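Observations on the model geometry
Residues per chain, in single letters:
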Amino acid sequence: MAATQPDFSTLAQAGVAGLAPYEPGKPIETLRREYGVREVVKLASNENPLGPSPRAAEAAAEAAREAHRYPDGNGFELKAAIGARHQIDPACVTLGNGSNDVLALIAQTFLAPGRQAVFSAHAFAVYPIVTQAAGAQASVVAAQPSSAHQPYGHDLPAMAAAAESGAHVAFVANPNNPTGTWEGEEALRQFLDRVPLSVIAVVDEAYFEYGAAEAGYPDASRWLDAYPNLVVTRSFSKVHGLAGLRVGYALSHPDVAELMNRVRQPFNCSAPAQAAAVASLADAEFLERSVALNSEQRELLRAGLEGLGYRPLPSAGNFLTFDAGPEAANLNEQLLRRGVIVRPVDAYQLPNHLRVSVGTPAENRTFLGALAAAAGGGAA
Ligand SMILES: *Cc1c(COP(=O)(O)O)cnc(C)c1O
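Residues numbered from 1 in each chain as written. Predicted model: local features only at pLDDT ≥ 70, side-chain atom pairs only at ≥ 80, totals over all residues. Heavy atoms only, no water.

**Structural notes on the overall build of the chain**
Counting its secondary structure elements, the chain contains 15 helices and 12 strands. Taken over C-alpha atoms, the radius of gyration comes to 21 Å for the chain, in line with the 21 Å a tight globule of 380 residues would show. Dimensions of the chain along its principal axes, counting C-alpha atoms only, are 70 × 60 × 50 Å. A total of 380 residues make up the chain; the buried ones form 53% of that total. In the chain, 73% of the contacts between residues at least 6 apart in sequence involve partners at least 24 apart. Summing over all exposed atoms, the chain offers an accessible surface of approximately 16900 Å²; the carbon and sulfur share of this is 53%. In the chain, the 28 positive side-chain charges and the 38 negative ones have mean positions that sit 4 Å from each other. (Helix = DSSP H or I, 4+ residues; strand = E, 2+ residues; numbered from the N terminus. Rg over C-alpha atoms; globule rule 2.2 N^0.38 Å. Buried < 20%, exposed > 50% of the residue type's maximum accessible area, 1.4 Å probe, protein only. Contact = heavy atoms within 4.5 Å. Areas by Shrake-Rupley, 256 points an atom, 1.4 Å probe, with all protein chains shown as cover. Lys, Arg positive; Asp, Glu negative; His and termini not counted. Charge placed at Lys NZ, Arg CZ, Asp CG, Glu CD.)

Put into structure tokens, the structure is as follows:
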């Protein structure tokens with residue numbers, strides 16, 4: 001006879017009991033299975049449509065031949081490469097299993113019940129998750145209005161004010177996902193000038209290389225000396241095309257890095273991931289080509305969307321988010337039936353918006369064609 005099962009959610013710690021899990025983009029195989037479509041275009045997770053650098057893929061494959069060995073838990077070579085890239089002491093680098101892992105390390109290190117983390121409405125979903133998982137309180141700051149220069153973007157002065165009232169961590173995504181909105185150098189410096197040194201100020205630069213194509217977009221990693229409470233996070237999942245290998249990092253004061261490394265799992269960054277990241281950092285040509293393709297295709301995608309009557313938000317990333325009106329969920333369904341996966345962003349309190357990643361020219365054309373047909377009510 002089966003024992004009566006307890007309500008496990010009452011056993012979980014309070015933060016976890018009330019947590020809504022992260023919803024990832026629909027995987028290609030899932031769509032094939034659920035909708036019976038063969039040809040699938042996935043523009044849902046802001047991946048590099050060119051794939052990884054061939055050199056990075058080769059380095060990962062080579063490392064896999066030594067898969068019976070534990071990776072270098074201190075990531076000596078990768079930290080040295082990152083240090084050289086940023087002209088910074090490797091002791092300032094914390095490696096993560098993706099930059100999500102680094103965001104979780106920040107929360108584990110600096111948040112706890114009774115503490116507060118500040119972030120914007122419509123900001124990256126991982127900030128509320130790691131905050132709540134640590135049992136801390138979220139101080140969610142209202143975003144800029146839809147009529148602003150950066151619609152739904154961060155209101156940095158309001159976030160600084162929230163940080164001043166006793167928070168322990170503040171998260172800024174630059175650019176933000178899913179809105180694509182971004183902060184210029186002056187606004188971000190004014191924010192950091194105001195945030196008390198007792199608050200860890202996180203600037204999430206997952207899309208840095210794309211953002212850097214915009215005039216006035218700042219590289220916060222240069223300001224670590226000026227702001228000892230600053231933590232800059234970077235990812236290999238976006239322009240480097242290594243999302244499947246999971247590798248990201250934080251740059252911070254070495255004392256902050258030392259604290260985060262106390263809670264870091266000793267082998268959180270696999271050997272193939274480390275090897276691929278080192279090779280990718282050295283492949284400047286691949287990165288340039290990726291950014292150039294994105295700049296060109298993002299503007300074609302924007303023009304295509306505008307041609308269909310949509311108004312995408314400004315974006316310094318490799319994606320565009322647009323208001324599809326109250327029919328957004330239905331439109332998404334129509335796109336899925338046509339084999340096109342984009343990202344609904346209702347979980348970000350943007351129920352009428354859809355986010356589409358910038359793909360290859362062919363993928364973008366397929367998306368725009370499917371969107372035109374779906375919006376026109378044509379049968380799939
Ligand atoms: C994609 C993304 C990340 C990166 O996540 P990884 O864990 O490195 O794959 C971090 N921040 C934002 C805002 C993102 O959109």
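Once the structure has been displayed, the description carries forward.
**Focus on the packing of helix 5 (residues 76-86) against helix 12 (residues 271-281)**
Running from N to C, helix 5 and helix 12 cross one another at 25 degrees; their axes reach a closest spacing of 9 Å. As summarised for this structure, helix 5 and helix 12 are arranged roughly parallel, according to the angle between their axes. Viewed along their axes, helix 5 and helix 12 form a crossing whose handedness is left-handed. Residues Glu77, Leu78, Ala81, Ile82 and Arg85 of helix 5 form the contact with helix 12, whose participating residues are Gln274, Ala277, Val278 and Leu281. When its residues are assigned to classes, the contact of helix 5 with helix 12 shows six nonpolar, one polar and two charged. (Axes fitted to C-alpha atoms, helices over the stretch in contact; angles between N-to-C directions. Parallel < 35°, antiparallel > 145°, perpendicular 65-115°, else oblique. Left-handed = near helix turned anticlockwise from the far one by under 90°. Nonpolar A, V, L, I, M, F, W, Y, C, P; charged D, E, K, R; others polar.)

**A closer look at the nonpolar core**
Of all hydrophobic cores here, the largest spans 43 residues; its most connected members are Leu188 and Phe191. Leaving out residues up to four positions away in the same chain, Phe191 has contacts with Leu156, Met159, Ala160, Ala170 and Val172. Core analysis: the second largest hydrophobic core is formed by 29 residues, Ala125, Tyr152, Phe171 and Ala250 among them. (Core = buried A, V, L, I, M, F, W, Y, C linked by side-chain atoms within 4.5 Å.)

**Examining the sheet that holds strand 9 (residues 319-323)**
An order of 9-12-11 is seen for the three strands of this open sheet, with the pairing classed as antiparallel. Unpaired on one side and paired on the other, strand 9 and strand 11 (343-344) mark the two borders of the sheet. Both strand 11 and strand 12 (residues 353-357) contribute to a ladder of two bridges, which runs antiparallel. Paired with Pro344 across the strands is Leu354, a residue of strand 12. (Pairing = 2+ DSSP bridges.)

**Overview of the site of the ligand**
In the vicinity of the ligand, the residues found are Gly98, Ser99, Asn100, Phe124, Asn177, Asp204, Ala206, Tyr207, Ser235, Ser237, Lys238 and Arg246. Note that an oxygen atom of the ligand is positioned 2.7 Å from one of the side-chain N or O atoms of Ser235. In isolation the ligand has 390 Å² of accessible area, and contact with the protein removes 94% of it. One can see that the ligand is located within the second largest pocket. (Near = heavy atom within 4 Å. Polar contact = N/O pair within 3.5 Å; in protein donor to acceptor, adjacent residues only side chain to side chain. 1 Å grid on protein atoms, 1.4 Å probe; cavity = no way out; pocket = protein on both sides within 12 Å on 5 of 7 lines; lining within 4 Å. Sits in = over half its atoms within 2 Å of the grid points.)

**Re the layout of surface pockets**
Estimated volume of the largest pocket: approximately 760 Å³. In this structure, the largest pocket is lined by 34 residues; those nearest its centre are Pro21, Glu23, Ala125, Ala347 and Tyr348. Breaking the lining of the largest pocket down by element, the ones donating at least two residues are strand 3 (116-120), helix 7 (126-133), strand 4 (137-141), helix 14 (328-337) and strand 11. No other element matches helix 7, which puts four residues into the lining of the largest pocket. Here the lining of the largest pocket is composed, by residue class, of 21 nonpolar, nine polar and four charged. (Points joined across faces, edges and corners; volume = space filled by probe spheres on them.)

**Focus on the packing of aromatic side chains**
In total, this model carries 11 aromatic pairs according to the counting rule given. Seen in terms of ring centroids, Trp223 and Tyr227 are 6.5 Å apart; in terms of plane orientation they differ by 65 degrees. Their pairing is edge-to-face. For the residue pair Trp223 and Tyr227, the accessibility class agrees, reading buried in each case. In this structure an aromatic cluster arises from ring pairing among Phe119, Phe124, Tyr127 and Phe171. (Phe/Tyr/Trp six-rings, centres within 6.5 Å; stacked < 30°, edge-to-face > 60°.)

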